[in-house]
Amino acid sequence: MRSLSRHHLLALAAGVLLLIAFPFFFVGGPDIYSTPFFRALWDCGHIFFFAGLVFALRRRLPHSRLRASVILTLLVLVVGGGIEIIQALIGRDGNWQDLLRDLSGAWLGLFWLKKPNRLVWCARILVLLLVFPSLFKVYVTAQNQRYAEKIFPLIADFEIDRNLHGIQGNIELNSDFFSQGQHSLKVHLTTEQYAEVSFSDFFNSWQGYRELAIDIYNPDPQPLRLTIRIDDRLHYLSDFSYSDRFNLGLDVVPGWNTIKIPVADIENAPATRKLKLDAIQSMIIFAVKLPEARDIYLDNIRLQ
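An account of the accompanying structure is given in this report. (Residues numbered from 1 in each chain as written. Predicted model: local features only at pLDDT ≥ 70, side-chain atom pairs only at ≥ 80, totals over all residues. Heavy atoms only, no water.)

**Details of the overall build of the protein**
Going by this rule: Note on conventions: DSSP H or I runs of at least 4 residues are helices, E runs of at least 2 residues are strands, and numbering of each starts at the N terminus. Exposure classes here rest on a 1.4 Å probe applied to the protein chains alone. A residue is buried below 20% of its type maximum, exposed above 50%, and partly exposed in between. Where accessible areas are quoted, they stem from the Shrake-Rupley method and a 1.4 Å probe; at the residue level, only the protein chains shown are allowed to cover.
Along the backbone of the protein there are 6 helices and 11 strands. Here the protein holds 304 residues, and the buried ones make up 42% of them. For the protein, the exposed surface amounts to about 16900 Å²; the carbon and sulfur share of it is 60%.

Here it is, written out as structure tokens:
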């Protein structure tokens, strides 16, 4: 019997690996304890799976580039779309961005297997532009996780731009007021119903710490009413119920305020369960229906 060639062996190995990997579209994967880095890496699995699928099937694809591209695109739309529909039906996250990753991976495999010419190189560059955001997200989250682990239990000191990762709001680094270092986070609160700054992508567990401390500077002569909200990754199961998270209203007086919140209070805040300190999802600091826009400055957010 004729021995298998090197190309046939590689295709066979790729096929076996794909069969092993396929069930992971429906089982396993990130859970509530998974870091943003693992989630980003898992998302890239779509790209590698469909690139490998093209490699395994490359000898069965039509020789015409156009015909192969059309057939492959339709195949991936059917298979990838079917996977997302099934995931949604069984309670997993049916994410249509994953379908774009499926297509990008298939096109990556297709055009890198073709004999290069000007048109093929244009297609390769286009595909690289499509996969770049997913791959860059893996790199960024890896760097942010490494930095967060290095400074923990300090959560943010706002001394470098990397501290702004995972923060949303009308914000900027500022050197006018600070409680330590040389910078703080300036937050502009508008007159919208909810004017807020939100923190997400927490990489470390809050278990074993006594309190969460936040330095807040109020530059105005009038006190400011704020609310601090903290929830975990199970909070969505309650349809984001108010009674299923930590909520604290406080009056921020002029000048520096050091807010200290017992971690035990955060953990015991949900009405029917304990908040998962090793799966913190977000912290939001907000004001409600301000009569006029206000600024606050945050600094030295830490566990102690």
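There's plenty left to go through after this.
**Some words on the sheet that holds strand 7 (residues 224-232)**
The condition is simple: Only strands that DSSP links by at least two bridges are regarded as paired with each other.
The 5 strands lie next to each other as 2-5-10-7-8, forming an open sheet whose pairing is antiparallel. Single-partner strands in this sheet number two, and they are strand 2 (167-168) and strand 8 (246-252). In terms of strand pairing, strand 7 meets strand 10 (residues 280-288) through 6 bridges, oriented antiparallel. Of the residues in strand 10, the one forming a bridge with Arg-229 is Ile-284.

**Notes on the environment of Pro-223**
To keep things clear, this is the line we draw: In what follows, a contact means two residues having at least one pair of non-hydrogen atoms within 4.5 Å.
Structurally, Pro-223 can be placed in the loop between strand 6 (211-218) and strand 7. Spatially, the C-alpha atom of Pro-223 lies 5.9 Å from that of Pro-254, the residues being 31 residues apart in sequence. Those residues in contact with Pro-223 that sit more than four places away from it in its chain are Asn-218, Val-252, Val-253, Pro-254 and Arg-294.

**Comments concerning unusual backbone geometry**
A cis geometry characterises the amide bond from Phe-152 onward to Pro-153, with omega recorded as 15°. As for its placement among the helices and strands, Pro-153 is situated in the loop between helix 5 (118-151) and strand 1 (154-156). Positioned with a positive phi, Asp-239 is a non-glycine residue whose angle comes to about 60°. Considering the arrangement of structural elements, one finds Asp-239 in the loop between strand 7 and strand 8. Positioned with a positive phi, Lys-289 is a non-glycine residue whose angle comes to about 50°. Structurally, Lys-289 is set in the loop between strand 10 and strand 11 (294-303).

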